[in-house]
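# Architecture at a glance
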Amino acid sequence: MMGVGFFLSVLGDFLLELDFKSNMYFMLGMLAFFLGHLCFVMAFLFPPTKEAPKVWSAKKLLRFIPFGIYWALMILYMAPILLGNGEKVMLACVCVYALGIATMAFTSTCRIGYTGNNEMLYPQIVASIGAVSFVASDSILCYKKFVGSIPDSEYWVMITYWLAEFCLGFSLVRDFNAVARTEAQQQLPEVLPATPQQTVPVPLQVFQQQHQQVQFVQLLPVPQPQAPRQV
């Protein structure tokens, strides 16, 4: 699903470049990015292997609080501006899109520490950094589109966006490597531990019997050669 999300993000970039022609392209770009975020949500919630523990748990709902606050503040700030311009449809699109990207960032934090493996903790944190960078990039773009210009906003949008793509791609590669290692370990034959009987090559009683037989053979008289009989 990560790959589909990356493809939809590229499609969204292409549609946003056509924004100067009509707002319809901007809305189509939002739709492409929204569907991409849903793909990221599914990739974050489902573990890479069947043997991995579940990502989701009710205790992790508390992690949604900061992202829920972000979503509420976005709506409270953008609603008067868009309604003042008579853009009710755009306001509905912004509300749904902001909820989608906030959910994507929230589910990325649910993966942090779900495996209990310190080796995978670093890429899980990197994925969350990428998701938060995605939120920052879209927030700057939204402010530039509907509120006003920001100094060097184009650079900030692209820097945060490509940082997000890099972090998400990095976590995807590490997940693939983890799956490959798990499958390789499952295909290896099991090595059974040596039993106590295998560690003793010859029992003590058998060794003593063989030693006594050797001594008995050595004690037998050796026949002496007889001198030839004289006629």
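For the structure, check the block above.
First, a word on what this report is: a plain description of the structure on this page. Predicted, not measured: the structure shown is a model, and the values here were computed from it.

Taken together, Met-24, Leu-28, Leu-31, Leu-35 and Leu-38 make up a surface patch of nonpolar side chains, about 420 Å² in accessible area. When you line up the elements, Leu-35 lands in helix α2 (residues 23-45).

Let us now look at the pattern of salt bridges. With the rule as written, the count across this model stands at one salt bridge. Between Lys-144 and Glu-154 there is a salt bridge whose closest N-O contact spans 3.5 Å. Taken as a pair, Lys-144 in helix α5 (residues 118-146) and Glu-154 in helix α6 (residues 153-187) lie far apart in primary sequence, ten residues in all. Given the relative accessible area of 33%, Lys-144 is considered partly exposed.

Another point: the packing of aromatic side chains. The full count for this structure, using the stated rule, is nine aromatic pairs. The interplanar angle of 85° and the centroid separation of 5.6 Å between the aromatic rings of Phe-134 and Tyr-161 together place this pair among those described as edge-to-face. Of this pair, Phe-134 sits in helix α5 while Tyr-161 sits in helix α6, and the two are 27 residues apart along the sequence. In this structure, Phe-134 and Tyr-161 share a single accessibility class: buried. For the ring pair Tyr-161 and Trp-162, a centre distance of 5.2 Å and an interplane angle of 70° mean the geometry is edge-to-face. Connected via pairs of aromatic rings, a cluster forms that spans Phe-6, Phe-33, Phe-40, Phe-134, Tyr-161 and Trp-162. Here the guanidinium or amino end of Lys-145 rests over the ring plane of Phe-26, the centre of that ring lying 5.0 Å away.

Rules of the game
Residues numbered from 1 in each chain as written. Predicted model: local features only at pLDDT ≥ 70, side-chain atom pairs only at ≥ 80, totals over all residues. Heavy atoms only, no water. Patch = residues over 30% accessible without salt bridge, like charges linked within 9 Å, V, L, I, M, F, W, Y side chains within 5 Å. Areas by Shrake-Rupley, 256 points an atom, 1.4 Å probe, with all protein chains shown as cover. Salt bridge = Lys/Arg side-chain N within 4 Å of Asp/Glu carboxyl O. Helix = DSSP H or I, 4+ residues; strand = E, 2+ residues; numbered from the N terminus. Buried < 20%, exposed > 50% of the residue type's maximum accessible area, 1.4 Å probe, protein only. Phe/Tyr/Trp six-rings, centres within 6.5 Å; stacked < 30°, edge-to-face > 60°. Lys NZ or Arg CZ within 6 Å of the ring centre and 35° of its normal.

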